[in-house]
Amino acid sequence: MTSNCPPLARLGFGFRQKWTATPRHATFLRMLDQAVSDTKFMRQALALARRALGCTSPNPMVGAILVKSNRILGRGWHHRAGLPHAEIEALRDAAQKGHSTRGATLYVTLEPCSTHGRTPPCTDAVCKAGIRRVVVAATDPNPVHAGGGLEILRRSGIEVATGILEWESNQLNEAFNHWIVHKTPFVTVKAAMTMDGKIATAGGESKWITSPASRQFAMRLRRAADAILVGVNTVIADNPSLTVRSSDLNARKPLGRLRIVLDPRARTPLNSEILTDAFCPLTRVIVTDAAPRRRIQALEDCATVVRAPSHNDGIDLPWLLQHLGVQGITNLLVEGGGETHAHFLNSACTHRVAFFYAPKIVGGRTARRAAAGDGARRREDFPILKDVRTTRVGPDLFYTARVASSAQQTSSQA
Ligand SMILES: NC(=O)c1ccc[n+]([C@@H]2O[C@H](COP(=O)([O-])OP(=O)(O)OC[C@H]3O[C@@H](n4cnc5c(N)ncnc54)[C@H](OP(=O)(O)O)[C@@H]3O)[C@@H](O)[C@H]2O)c1
């Protein structure tokens, strides 16, 4: 097909006859064609961004593609905080392949930065490279910078289009987008349970409620997280390692993540995995004034002990989230048990739930519940979920949703 043929013909829409459209039709079809190819290339840029899952914190995941005459000149993604941004990687890739980027279109999943951070502003490099058009999925979530980069590009005479696959880009960086605004981590409460909401038997046995497929899937949640948190009873009952282990992600060796134990009375056993394995410098034990000094000293020999203030007979969770946010923890995964989940859910410190349901029923009054504690006393007090998504994982059901607020807040907003 010749380059003069109408754009949709190239997509196989069947315009094989001689084209006789009016100029208005032709303009409309050209715009439609551009929208289709913008979406196609942005989807590829998002796939590149996802390659760095769990590696970029406290930076977002970003991908970029350079295109000229429908041909990809260069690809790039942000690999790790401190390393070049996605746009720079794509420009370098194009240069290495001997392509001129003059007149090209840059597809980038996040607004190019316009300020000096650990790396120089990407807007400078984009302008210097002679890029004609920049297509952006999402604007910078930081209110201080939002739109600043786009404005610089427009003032330099570059055509800018925004909002292509914006929702997808924002989903990808859900945790970063929260942290950059609130300066506290985005919190996901994750549990593996039976259909009747039990995470362990009455005897405390929880291995393995869900299928190997679900457990592998759950490793992706760990990989995306900067820190994994559990209550001390889970350490005592399960002795977990709380590392990232995955066969499909080429990670033969476990990857370390910050591991946090809520342990107000410093009861964590000194021979537990998290205090004795190779990642013990990554373990934080959160204690309060209720912890005996000798126990604290013993824990300090193996890990970092953080003294937290108490609130309502528990660790002050909003304080803890602020403490973690200052240390650049953008994404916190809470992995049980039920008492810990209840503390997070009842103190409005949860942003997402990630529940795996196995087709099993434990029953009984004393089996451990996914959300324990006293529960909500009034209908108005229980947390409400929104944006619910469900997926089948092997024989199990994966259910994820945003925590909107308590029922009371939701009805008063309606
Ligand atoms: N299936 C699953 O997904 C899953 C995941 C994890 C665990 N589990 C199972 O769950 C069971 C343990 O759950 P659990 O509910 O008994 O205990 P847990 O949540 O693991 O630990 C609870 C304890 O942690 C401390 N704690 C938690 N949040 C706190 C807060 N905000 N402030 C102060 N202290 C806090 C308290 O210690 P103190 O008592 O010292 O004050 C509390 O008693 C085990 O049987 C385990 O196998 C299942």
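Residues numbered from 1 in each chain as written. Predicted model: local features only at pLDDT ≥ 70, side-chain atom pairs only at ≥ 80, totals over all residues.

1. What about the overall build of the protein chain?
Step number 1: Scanning the protein chain from N- to C-terminus turns up 14 helices and 20 strands.
Step number 2: Buried positions account for 40% of the 414 residues belonging to the protein chain.
Step number 3: In the protein chain, once contacts between residues fewer than 6 apart in sequence are set aside, the share between residues at least 24 apart is 68%. (Helix = DSSP H or I, 4+ residues; strand = E, 2+ residues; numbered from the N terminus. Buried ≥ 20, exposed ≤ 12 C-beta atoms within 10 Å, placed from the backbone. Contact = placed C-beta atoms within 7 Å.)

2. Topic: the site of the ligand
Step number 1: Lining the immediate surroundings of the ligand are 31 residues, of which Gly231, Asn233, Gly314, Gly336 and Gly337 lie closest.
Step number 2: Listing elements by their share of the shell around the ligand, those giving two or more residues are β6 (186-194), β7 (198-200), β8 (227-231), α9 (232-238), β15 (314-315) and α13 (338-346).
Step number 3: In terms of residue count, α9 provides more of the shell around the ligand than any other element does, five residues in total.
Step number 4: The residue inventory of the shell around the ligand, partitioned by class, reads 14 nonpolar, 11 polar and six charged. (Near = placed C-beta within 6 Å. Nonpolar A, V, L, I, M, F, W, Y, C, P; charged D, E, K, R; others polar.)

3. Some words on the confidence of the model for the protein chain
Step number 1: With 91% of its residues at a pLDDT of 70 or more, the protein chain shows a mean pLDDT of 90.
Step number 2: Confidence drops under pLDDT 50 across residues 1-5; counting only partners more than four residues distant or on other chains, this segment forms five contacts.
Step number 3: Long-range and interchain partners of residues 407-414, a stretch whose pLDDT sits below 50, account for 10 contacts in this model, where long-range means more than four residues apart. (pLDDT = per-residue confidence, 0-100.)

4. Quick notes on the pairing of strand β16 (residues 331-334)
The two faces of a sheet get side chains in turn, since along a regular strand they alternate between them.
Step number 1: Side chains Asn331 and Leu333 project from β16 onto one buried face, and the interleaved Leu332 and Val334 project onto a second face that is buried too.
Step number 2: Where β6 lies against β16, four bridges are found, and the strand directions are parallel. Opposite Phe186, over in β16, you have Asn331 as the bridge partner.
Step number 3: Both β8 and β16 contribute to a ladder of three bridges, which runs parallel. Within β16, the residue paired with Ile228 across the bridge is Leu333. (Pairing = 2+ DSSP bridges.)

5. Brief notes about the environment of Val108
Step number 1: Looking at the secondary structure, you find Val108 in strand β3 (residues 105-110).
Step number 2: Val108 gets classed as buried once you count the C-beta atoms within 10 Å, which come to 28.
Step number 3: Taking the C-alpha atoms as reference points, Val108 and Phe41, 67 residues apart in sequence, are found 9.2 Å from one another.
Step number 4: Beyond its immediate chain neighbours, meaning those up to four positions away, Val108 contacts Ala45, Val62, Ala64, Ala86, Glu87, Val134 and Val136.

6. Concerning helix α5 (residues 148-155)
Counting along an α-helix, one turn takes 3.6 residues, and residues three or four places apart therefore face a common direction.
Step number 1: Buried within α5 are the following residues: Gly149, Leu150 and Leu153. The buried side chains of α5 occupy one side of the element, clustering within an arc of 100 degrees when seen end-on.
Step number 2: Against α4 (122-128), β4 (133-138) and β5 (159-162) lie the buried residues of α5. (Arc of directions from axis to C-beta.)

7. Description of the nonpolar core
Step number 1: Judged by nonpolar contacts, the single largest core of 61 residues is most densely connected at Met193, Ala227, Leu229, Val261, Val285, Ile286 and Leu332.
Step number 2: Among the elements that line this core, the one with the most residues is β6, at six residues.
Step number 3: Among all residues touching Val261, those that are not within four sequence positions of it are Val230, Val232, Val235, Thr268, Ile274, Val285 and Ile286.
Step number 4: Phe41, Ala86, Leu106 and Val135 belong to the second-largest nonpolar core, a separate cluster that totals 40 residues. (Core = buried A, V, L, I, M, F, W, Y, C linked by C-beta atoms within 7 Å.)

8. Description of unusual backbone geometry
Step number 1: That bond from Ser57 to Pro58 is cis: its omega, 5 degrees, falls within 30 degrees of zero.
Step number 2: Looking at the element boundaries, Pro58 is found in the loop between α2 (23-50) and β1 (63-68).
Step number 3: In this model, Gly336 is joined to Gly337 through a cis peptide bond whose omega is -5 degrees.
Step number 4: Positive phi, close to 45 degrees, is recorded for Asn239, a residue that is not glycine.
Step number 5: At Ala266, a position not held by glycine, the phi torsion is positive, near 55 degrees.

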